[in-house]
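Summary of the model geometry
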Amino acid sequence: MSINTSGKSPAKSELNSGTRIRNFLVAIVAIALSVTLVLGLKSQTNTVSLTQLGEESTPLEVALANGKPSLVEFYADWCAVCQKMAPAIATLEKQYTEKVNFVMLNVDNSKWLPEMLKYRVDGIPHFVYLSENGEPVAQAIGDQPRTIMASNLEALVVGSPLPYAQTSGQVSKVVKSVPSSGSQDDPRSHGSQVVN
């Protein structure tokens, strides 16, 4: 017969050992969840902003002169649809950066008014696909699925007709009005100078 000289019963010793193991497992799970939470939050804060895309885009002058086809996007920072599409545009830009110029033109910058008039931008996002010599091939307006845009870019790169040309999705209307010159020759007068 053995005598327990430690003063602790074997049942208490096993209870302490079980409590230690449980506490250790709880600590491990807590650490794992903390790491997962931190990494999850870090990945969500790496979203792409329209401002960032605009700053990193190819300047229009360069795109028209470098011999590569281009995707020109007319956008505004306040445009909810443009903001929604920013991650898809960033993904496409990474995928096609060697083959296609990505040009971002902010409609709130009056510098781009001639281009807005040229391509008849009245809703954003407004996408213009340009051939390697700068000629417009097709346009798309509004929310576009990334797969459709990728198909159009693939066709643009090889010089084929775009499979989804002239598509329209959800848009944000351009609210900035162009001041009228008061002339009857204004193309926005829509025939008001015609007299019966």
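Cut-off values and rules
- Residues numbered from 1 in each chain as written.
- Predicted model: local features only at pLDDT ≥ 70, side-chain atom pairs only at ≥ 80, totals over all residues.
- Heavy atoms only, no water.
- Axes fitted to C-alpha atoms, helices over the stretch in contact; angles between N-to-C directions.
- Helix = DSSP H or I, 4+ residues; strand = E, 2+ residues; numbered from the N terminus.
- Parallel < 35°, antiparallel > 145°, perpendicular 65-115°, else oblique.
- Left-handed = near helix turned anticlockwise from the far one by under 90°.
- Contact = heavy atoms within 4.5 Å.
- Nonpolar A, V, L, I, M, F, W, Y, C, P; charged D, E, K, R; others polar.
- pLDDT = per-residue confidence, 0-100.

Turning our attention to the packing of helix α4 (residues 80–96) against helix α6 (residues 146–158). Direction vectors running N to C along α4 and α6 enclose 30°, while the axes themselves pass 10 Å from each other. Put simply, α4 runs roughly parallel to α6. The way α4 lies across α6 gives a crossing that is right-handed. Each of M85, A88, I89, T91, L92 and Y96 in α4 lies in contact with α6, whose residues at this interface are R146, M149, A150, L153 and E154. By residue class, the composition of the contact of α4 with α6 is eight nonpolar, one polar and two charged.

Next up on the list: the confidence of the model for the chain. Summing up the model confidence of the chain, the mean pLDDT is 81 and the portion of residues at 70 or higher is 73%. Taken as a whole, residues 180–196 scores under 50 in pLDDT and shows six contacts with residues more than four places along the chain or in a different chain.

It is worth spelling out unusual backbone geometry at this point. Residues I124 and P125 are joined by a peptide bond in cis, for which omega reads 0°. Position of P125 relative to the elements: it lies in the loop between β3 (123–124) and β4 (126–130). A positive phi is found at R120, a non-glycine position, where the angle reads about 55°. Along the polypeptide, R120 turns up in the loop between α5 (113–118) and β3.

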